[in-house]
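# Per-entry structural report
Here is what each chain is made of, one letter per residue.
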Amino acid sequence: MQYFNLIRAGALGISCLALGACLGSSNGTAGGGGTGGGGGAGGGGKTPAEFDAKFNSITSTTSGLAPTSKELTGTATFSGVTKVALFEAADPTNAGEAFADLNVQVDFGGETISGQATNFEGTVGGNPVTLSGTLDSANSPVPSTLISVTTPLASIPGVPSIPGAPTSVTATSFSLNMSGELSDDDGVVGNVLMGMGGGFLGPIGGSEATAAAGPTTVVVTDVTGATGLIDIGGAGTFYLEKD
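A short tour of the structure in this document, coming up.

The rules behind the values
- Residues numbered from 1 in each chain as written.
- Predicted model: local features only at pLDDT ≥ 70, side-chain atom pairs only at ≥ 80, totals over all residues.
- Heavy atoms only, no water.
- Helix = DSSP H or I, 4+ residues; strand = E, 2+ residues; numbered from the N terminus.
- Buried < 20%, exposed > 50% of the residue type's maximum accessible area, 1.4 Å probe, protein only.
- Contact = heavy atoms within 4.5 Å.
- Areas by Shrake-Rupley, 256 points an atom, 1.4 Å probe, with all protein chains shown as cover.
- Expected span 1.5 Å × (residues − 1).
- Arc of directions from axis to C-beta.

### Thoughts on the overall build of the protein
- Looking only at helices and strands, the protein features three helices and eleven strands.
- Seen in sequence order, the protein has helices and strands lined up from the N terminus as α-α-α-β-β-β-β-β-β-β-β-β-β-β.
- Of all 243 residues assigned to the protein, the portion counted as buried reaches 46%.
- In the protein, the proportion of contacts linking residues at least 24 apart, taken out of those at least 6 apart, comes to 71%.
- For the protein, the accessible surface area stands at approximately 10700 Å², while carbon and sulfur atoms represent 56% of it.

### Let's talk about helix 3 (residues 48–59)
- Taking 1.5 Å of rise per residue, the twelve residues of helix 3 would be expected to cover 16 Å, and the 16 Å separating its terminal C-alpha atoms lies within 8% of that figure.
- Among the residues of helix 3, those classed as buried are Phe-51, Phe-55 and Ile-58. Projected down its long axis, helix 3 shows its buried positions confined to an angular sector of 65°, all on one face.
- Contacts made by the buried residues of helix 3 are with strand 1 (65–67), strand 2 (75–88), strand 3 (91–107), strand 9 (187–203), strand 10 (211–221) and strand 11 (232–242).

So, in structure tokens, the structure goes:
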């Protein structure tokens, strides 16, 4: 199938999928291990039902996970999936959905984060679409950040403190940006920039990050046969689990 022809005909086409691919990637100075295995077809999460089930299981109040509240140390690698709803800027009624596998490397002590997005696939106009290529934080014009903020816990006047109780809370959040070119059978479809942001989750009261989740955004520019600063856009969510 020639996806560019779909675009010219007014369908979302490959451009949208390129946008979804952007959503699945990240940027930053790598800390920790190398590229890990993604949450691809074998790992689940590459259909709407599979993704929603996994995302909900991680973010549910009954998951046993909560935003980490202690300082995180060491390095870790995470794998996951992003799901993005896409639209064509010239005609927002043209829509699709894309998935990508995520691999993320984190150095908590050095406060750095990096990542890649691969294995882009989805559905456009009811037809399956796949793209080749990798989005990498090393290629992003927007830097990635990992930030830890410690906030003292307020004491209540006249109420004695509880022995051993925490006196502060440390929250760790990140912004991961990835960029690159994605291709179909006809060649490069456009420049893709994907951004993800969120916080780390772990066992309640613990000091280990075992997962992360948050929103994803995607912008695709320089699409063949299209005009405008932003040719394709999209938004969705992602989840990560510690390898």
